Amino acid sequence: MSLLKYSLGIDVDSQKLKCCLGSIDTVQVHKVLASRTFENGLQGFKELVLWLKKHCKEKLPVVITMEVTGVYHEQLANYLHEEGYVVSVVLANRAKKYMESLGFKSKTDKIDARGLSRMGAEQSLERWRPIREEILALRSLTRHRQALTEALTVFSNQQHAQDHMRLPSKEVLASQAKMMKTIKAQIAAVDQKIK
C-alpha cells in the first residue's frame, strides 16, 4: 500500500504542544509514525517544524489539525501557515464527537493528539486562514469592553448592597463611585476605538 498523506494532530494548551504524526494509505489505514511534546512558543514551533521534516520523508501532502483553544493555538497556527503547511482548526465539540465515534472513551492530551491526527488524515477539513490584524484588534477591544462592563456590574451591585445596609460605609460608597466613574470613562474610550 502506498501512502496518501501525512497528518499531524496537535493538542494545544498554554504551555505545551502534544503532537502525534500519522499517515494514511490507499486503503484508508491510519498509522501513527511518531509523537512528541514541544513548548508552546517560537522555539517550540521551530523544533516542531524540524521534527516534522525529519519524519515526513516522502514528498506527500502534510495536513495539520488542532482544536480551537481560546487564543493558545493562534500563534502556532499562524507560524505553520507562514511555513506553508495546510492547517485546520476545528471546534472542540466537533473533535470530541469524532473521537467518540471512533470509540475513544478517555480523554488525555496524547489521545486527543492521536484523534486529531486521524481526523485530519481521514477527513477533508476546511483550511485555516489567518485573521486580519484589524479583526484581531477589534476582537481584543470588544473582549476588553465586555470585561469592563462586567466589572461595572460588580461595583454597581456592591453599591446597591451598601445603599441598603443598616450602616453603609461612606468610604466604601465613595470608593465604589470613583471606580464606577473610572470604568465608565474606560468604556467610553474603548467604544471610540471600536468605532
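Residues numbered from 1 in each chain as written. Predicted model: local features only at pLDDT ≥ 70, side-chain atom pairs only at ≥ 80, totals over all residues. Heavy atoms only, no water.

**So, the pairing of strand β3 (residues 30–39)**
Right, on to step 1. In terms of strand pairing, strand β2 (residues 16–25) meets β3 through nine bridges, oriented antiparallel. The residue of β3 that forms the bridge with Lys-18 is Thr-37.
Right, on to step 2. Here β2 hands over to β3 after four residues, with Gln-28 in that stretch at a positive phi of 65 degrees. (Pairing = 2+ DSSP bridges. Helix = DSSP H or I, 4+ residues; strand = E, 2+ residues; numbered from the N terminus.)

**With respect to helix α5 (residues 133–163)**
Right, on to step 1. In a regular helix each residue adds 1.5 Å, so 31 residues correspond to 45 Å; α5 covers 45 Å between its end C-alpha atoms and thus fits that length.
Right, on to step 2. Turning to α5, its buried residues are Leu-148, Leu-152 and Gln-162.
Right, on to step 3. Residues of α5 that are buried sit in contact with α6 (170–194). (Expected span 1.5 Å × (residues − 1). Buried < 20%, exposed > 50% of the residue type's maximum accessible area, 1.4 Å probe, protein only. Contact = heavy atoms within 4.5 Å.)

**Observations regarding the pattern of salt bridges**
Right, on to step 1. The final tally for this structure, using the stated rule, is six salt bridges.
Right, on to step 2. The shortest N-O distance in the salt bridge between Lys-16 and Glu-39 comes to 2.4 Å. Remark: Glu-39 occurs in strand β3 and Lys-16 occurs in strand β2; sequence separation between them is 23 residues.
Right, on to step 3. On the basis of relative accessible area, Lys-16 is assigned to the partly exposed category, the value being 35%.
Right, on to step 4. Since its relative accessible area comes to 43%, Glu-39 is described here as partly exposed. (Salt bridge = Lys/Arg side-chain N within 4 Å of Asp/Glu carboxyl O.)

**A few points about the state of the cysteines**
Right, on to step 1. Per the stated rule, a full pass over the model turns up zero disulfides.
Right, on to step 2. Looking at Cys-19, it has no disulfide partner, and the nearest cysteine sulfur is the one in Cys-20, 8.9 Å off.
Right, on to step 3. The class for Cys-19 is buried, based on a relative accessible area of 1%.
Right, on to step 4. No disulfide involves Cys-56; its nearest neighbouring cysteine sulfur is the one of Cys-19, lying 12 Å away. (Disulfide = S-S within 2.5 Å.)

**Observations concerning the packing of aromatic side chains**
Right, on to step 1. This model, assessed by the stated rule, comprises two aromatic pairs.
Right, on to step 2. Relative to Tyr-79, the ring of Phe-45 lies with its centre 5.5 Å away and its plane at 45 degrees, an arrangement referred to as tilted. With Phe-45 in helix α1 (residues 42–55) and Tyr-79 in helix α2 (residues 74–82), this pair connects stretches of sequence that are 34 residues apart. Residue Phe-45 shares its accessibility class with Tyr-79, and that shared class is buried. (Phe/Tyr/Trp six-rings, centres within 6.5 Å; stacked < 30°, edge-to-face > 60°.)

**A closer look at unusual backbone geometry**
Right, on to step 1. One non-glycine residue, Gln-28, lies in positive phi territory at about 65 degrees.
Right, on to step 2. Turning to its location among the elements, Gln-28 is positioned in the loop between β2 and β3.

**Focus on the side chain of Asp-25**
Right, on to step 1. Along the chain, the position of Asp-25 falls in strand β2.
Right, on to step 2. One buried charged residue, Asp-25, remains without a salt bridge, the closest side chain of opposite sign being Lys-31 at 8.4 Å.
Right, on to step 3. A polar side-chain atom of Asp-25 sits 3.0 Å from the main-chain amide nitrogen of Val-27. (Lys, Arg positive; Asp, Glu negative; His and termini not counted. Polar contact = N/O pair within 3.5 Å; in protein donor to acceptor, adjacent residues only side chain to side chain.)

**Points about the sheet that holds strand β4 (residues 62–67)**
The pairing of strands in a sheet comes from backbone hydrogen bonds and takes either a parallel or an antiparallel form.
Right, on to step 1. Taken in spatial order, the five strands make up an open sheet running β3-β2-β1-β4-β5, and their pairing is mixed. Of all the strands in the sheet, just β3 and β5 (86–90) have a single pairing partner and so form its edges. Direction aside, the axes of adjacent strands within the sheet are offset by 20 degrees on average.
Right, on to step 2. Two elements, strand β1 (residues 3–12) and β2, share nine bridges in a ladder whose sense is antiparallel. If you follow Tyr-6 over to β2, its bridge partner there is Ser-23.
Right, on to step 3. Sheet contacts for helix α4 (residues 109–122): β1, β2, β3, β4 and β5; angle to β1, the most-contacted strand, approximately 145 degrees. (Axes fitted to C-alpha atoms, helices over the stretch in contact; angles between N-to-C directions.)

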